[in-house]
Amino acid sequence: MEKTGSSLLDLTYLDTLSDQDTPVHRLDPRVKLLTTLLFIVCVVSFNKYELSALLPFVIYPIVLVALGNLPLGYLLKKVLLAAPFAFLVGIFNPLLDRAVLVHLGPLEISGGWVSFASIMLRFVLTVSAALILVASTGFNAVCLALEKMGAPAAFTVQLLFLYRYIFVLGDEALRMLRARSLRSFGGRGMALQVSSLMIGQLLLRTLDRAQRIHLAMRCRGFDGEIRIARQLRIGGRDLVFLVGCSAIFLFMRLHDVPRWLGDTAMALMR
Amino acid sequence: MAGRHGHGVDAVSHPVVEVRDLQYTYPDGNPALRGLSFSVAQGETVAIVGANGAGKSTILLHLNGCLMPQAGTVRIGDFPLSKRTLPDVRRTVGMVFQDPDDQLFMPKVQDDVAFGPLNLGLPADEVDRRVMHALSIVGAAHLKDRPPYRLSGGEKRAVAIASVLSMSPTILVMDEPTSNLDPQARRRLIELLKTFEQTIIVATHDLDMAFDLCARTIVVKEGRILTDGPSREILQDAVLLVAGHLERPLRLQGCPVCSPPG
Ligand SMILES: Nc1ncnc2c1ncn2[C@@H]1O[C@H](COP(=O)(O)OP(=O)(O)OP(=O)(O)O)[C@@H](O)[C@H]1O
Ligand SMILES: [Mg+2]
């Protein structure tokens, strides 16, 4: 398992991070989940050319990483790992949308590039917020919070299994790749045909393994409901965090803070 | 010597496990069990041995309802195995799977050991007590905050056993508990199992362990029972063992260095 962890996704490390005792970790999972959702909604709901108003949102991940004693480099690597998807989504904008939107002295920037930058920025913000949520809460607790907040148990259990089976899949894939590379001399046996056979095998094996895990869980009385030992209790500190963050997000959503700061500075200088 | 309580096949007490004419064919048409019967008394330790594919794992899977009998019956204590009695059966029979990775899936060892008791609906402090108790029995209390996937094979096995013990089963069922263990970890596990009060049923290829730990041995061949009797007799019976594709435990074979054959 650990080998998959370090080389493929290293998601298990994310769960290890959640086992700390910092102000961020002590917050109630539900509060963190709600705050993260609100953050994502605020960031995603800007219009597609918005850039400056998005910048202040960077504060949230930075503060949480600092207070939660989370490794910045590791999180950035995970964000980069997923970046190609956002890149694919956004990369056609500069080609399709060539109308000049911004003049920076002699430099003319098309709307396409602005919206591309906006997509990338939003992507980094939302993904890092989600990663921070898991790293400071633990995936099980996130699922538990979802369930406590009324998400159907079937859904949260699926989510939990999905998360668990990612490791299983990664593990099996790694073993099969190793077995193949050990026995394919001079590139023979690395053909596409073999790969497609292997993917079929991989799915079967994963399914098999997943079934055994499920069986083992059922043997210990699992009936579709997640229970964890930690009692959930929302205290004053949690409420302050929730209300404070919500207020700040909404403010930053409704006002273009950098522009407002710039205007104020201009006015003062005049 | 073999056995702890002196219970043998002749134990008279009320059977806690009773299997009658059990048959099972896998969905792909593989007849794994072709009608076998045995019963196990309270406190007995029984080894189920046999060649690869003989049907050992399939038998064990029936003992706590992971598989349902297609023909024949399985009784656990007072409960005939059926969909309705499944929760009771699973509370009575603790199953330790062959691969601990299949069994351990929570982010922390103590969460994993707490998984069963929480599902039983026990109060939080009782769960904590059971977790610490189970971990200390297997000597893994110091591992409680570690993630299970970062443990060594022997540690994983210990935690997997603790995760079953925490549910206080009266019958322990284990599939090849000594596989993948180094000699010392294996020895420690055997010594640990010897101290248990529970009824123990192990499927194993480790005949030395069967000889050491279990008073009674059941030899399975092609889905049927070949013999069932005291380990000391069965594991010395060369003819019988060859028929079951087995061989005598190493410790019962002559030492090739001090007394070379021929
Ligand atoms: N999931 C399955 N689907 C189909 N056939 C199976 C399945 N599991 C086991 N079998 C078959 O059932 C028979 C008995 O298998 P079982 O796993 O019980 O043997 P075993 O005695 O535990 O062997 P081993 O010592 O190798 O673990 C074998 O012929 C095997 O091929
Ligand atoms: Mg087996």
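Just so we're clear, the structure is a prediction, and the values are computed from it rather than from any experiment.

So, how was this worked out
- Residues numbered from 1 in each chain as written.
- Chains lettered and ligands numbered in written order.
- Predicted model: local features only at pLDDT ≥ 70, side-chain atom pairs only at ≥ 80, totals over all residues.
- Heavy atoms only, no water.
- Helix = DSSP H or I, 4+ residues; strand = E, 2+ residues; numbered from the N terminus.
- Rg over C-alpha atoms; globule rule 2.2 N^0.38 Å.
- Buried < 20%, exposed > 50% of the residue type's maximum accessible area, 1.4 Å probe, protein only.
- Areas by Shrake-Rupley, 256 points an atom, 1.4 Å probe, with all protein chains shown as cover.
- Lys, Arg positive; Asp, Glu negative; His and termini not counted.
- Charge placed at Lys NZ, Arg CZ, Asp CG, Glu CD.
- Axes fitted to C-alpha atoms, helices over the stretch in contact; angles between N-to-C directions.
- Parallel < 35°, antiparallel > 145°, perpendicular 65-115°, else oblique.
- Contact = heavy atoms within 4.5 Å.
- Nonpolar A, V, L, I, M, F, W, Y, C, P; charged D, E, K, R; others polar.
- Phe/Tyr/Trp six-rings, centres within 6.5 Å; stacked < 30°, edge-to-face > 60°.
- Lys NZ or Arg CZ within 6 Å of the ring centre and 35° of its normal.
- Salt bridge = Lys/Arg side-chain N within 4 Å of Asp/Glu carboxyl O.
- Pairing = 2+ DSSP bridges.
- Near = heavy atom within 4 Å.
- Polar contact = N/O pair within 3.5 Å; in protein donor to acceptor, adjacent residues only side chain to side chain.
- Domains from an automatic or database assignment.
- Buried area = accessible area lost by both parts, 1.4 Å probe.

## Comments concerning the overall build of chain B
Phase 1: Counting its regular elements, chain B contains ten helices and ten strands.
Phase 2: In terms of overall dimensions, chain B is globule-like: its C-alpha atoms have a radius of gyration of 19 Å, near the 18 Å expected for 262 residues.
Phase 3: Along the first, second and third principal axes, the C-alpha atoms of chain B reach 60 × 45 × 40 Å.
Phase 4: Each of the 262 residues in chain B was classed as buried or not, and the buried ones make up 53%.
Phase 5: Put simply, chain B shows about 11,400 Å² of open surface, and 52% of that area lies on carbon and sulfur atoms.
Phase 6: Computing the positive centroid from 27 side-chain charges and the negative centroid from 30, chain B places the two 0 Å apart.

## A word on the packing of helix α4 (residues 29-44) of chain A against helix α8 (residues 111-137) of chain A
Residues and elements named next belong to chain A.
Phase 1: Contact geometry for α4 and α8: axes closest at 10 Å, N-to-C directions at 175 degrees. Taken together, the axis directions place α4 and α8 in an arrangement best described as roughly antiparallel. In contact with Pro29, Lys32, Leu33, Thr36, Phe39, Ile40, Val43 and Val44 of α4, α8 contributes Arg122, Leu125, Thr126, Ala129, Ala130, Leu133, Ser136 and Thr137.
Phase 2: Class assignment of the residues belonging to the contact of α4 with α8 gives a composition of ten nonpolar, four polar and two charged.

## Some thoughts on the packing of aromatic side chains
Phase 1: In total, this model carries ten aromatic pairs over all chains according to the counting rule given.
Phase 2: Considering the side-chain rings of A:Trp113 and A:Phe116, the 5.8 Å spacing of their centres and the 80 degrees angle between planes classify their relative orientation as edge-to-face. Of this pair, A:Trp113 and A:Phe116 both sit in helix α8, three residues apart, roughly one helical turn.
Phase 3: What makes A:Trp113 partly exposed here is its relative accessible area of 47%.
Phase 4: Residue class for A:Phe116 comes out buried when judged on its relative accessible area of 12%.
Phase 5: Judged by centre distance (5.1 Å) and plane angle (80 degrees), the rings of B:Tyr24 and B:Tyr26 are edge-to-face.
Phase 6: Across the ring face of A:Phe46, the terminal group of A:Arg253 is positioned such that the distance to the ring centre comes to 4.2 Å.

## Description of the pattern of salt bridges
Phase 1: This structure, assessed with the given rule, holds 20 salt bridges over all chains.
Phase 2: Linking A:Arg220 and B:Asp112 is a salt bridge whose minimum nitrogen-to-oxygen distance equals 2.9 Å. Of this pair, A:Arg220 sits in the loop between α11 (192-219) and α12 (236-254) while B:Asp112 sits in helix α4 (residues 109-119), which puts the two residues in different chains. An identical accessibility class is assigned to A:Arg220 and B:Asp112; each is buried.
Phase 3: In this structure, a network of salt bridges that share partners links the residues A:Asp19, B:Lys108, B:Lys144 and B:Asp145.

## Thoughts on the sheet that holds strand β2 (residues 31-41) of chain B
Residues and elements named next belong to chain B.
Phase 1: Across the sheet, which stays open at both edges, the four strands sit in the order β2-β1-β4-β5 with antiparallel pairing between neighbours. A single partner strand is all that each edge strand has here, and the edge strands are β2 and β5 (79-80).
Phase 2: Here strand β4 (residues 71-76) runs beside β5; their pairing, made up of two bridges, is antiparallel. Pairing of Ile76 across the sheet is with Phe79, part of β5.
Phase 3: Docked against the sheet, helix α1 (residues 56-63) engages β1 (15-25), β2 and β4, running at close to 60 degrees with respect to β2.

## Quick word on the site of ligand 1
Residues and elements named next belong to chain B.
Phase 1: In the vicinity of ligand 1 there are 14 residues, among which Gly53, Lys56, Ser57, Thr58 and His205 approach most closely.
Phase 2: Within the contact set of ligand 1, an oxygen atom lies 2.8 Å away from a backbone nitrogen or oxygen of Gly53.
Phase 3: In the model, an oxygen atom of ligand 1 is placed 2.9 Å from a nitrogen or oxygen of the Gly55 main chain.
Phase 4: Here ligand 1 has 630 Å² of accessible area as a free molecule, and 66% of this is covered by the chains.
Phase 5: Of the residues forming the shell around ligand 1, the biggest block, three residues, is contributed by α1.
Phase 6: Split by residue class, the shell around ligand 1 holds four nonpolar, seven polar and three charged.

## Description of the domain arrangement of chain A
All names here are of chain A.
Phase 1: The domains assigned to chain A are domain 1 (10-150 + 233-264) and domain 2 (152-226).
Phase 2: Each of domain 1 and domain 2 has a C-alpha centre, and these two points are 31 Å apart.
Phase 3: Contact with domain 1, which involves eleven residues of that partner, is made by eleven residues of domain 2.
Phase 4: Taken together, both faces of the contact between domain 1 and domain 2 bury some 1,000 Å²; the carbon and sulfur share is 74%.
Phase 5: Put simply, domain 1 and domain 2 have zero salt bridges between them.
Phase 6: Applying the counting criterion to the domain 1 and domain 2 interface returns one residue pair in polar contact (both at pLDDT 80 or more).
Phase 7: Broken down by secondary-structure element, the contributors of at least two residues to the side of domain 1 that touches domain 2 are α2 (11-17) and α9 (139-148).
Phase 8: Looking at the side of domain 1 that touches domain 2 residue by residue, the classes come out as six nonpolar, three polar and two charged.

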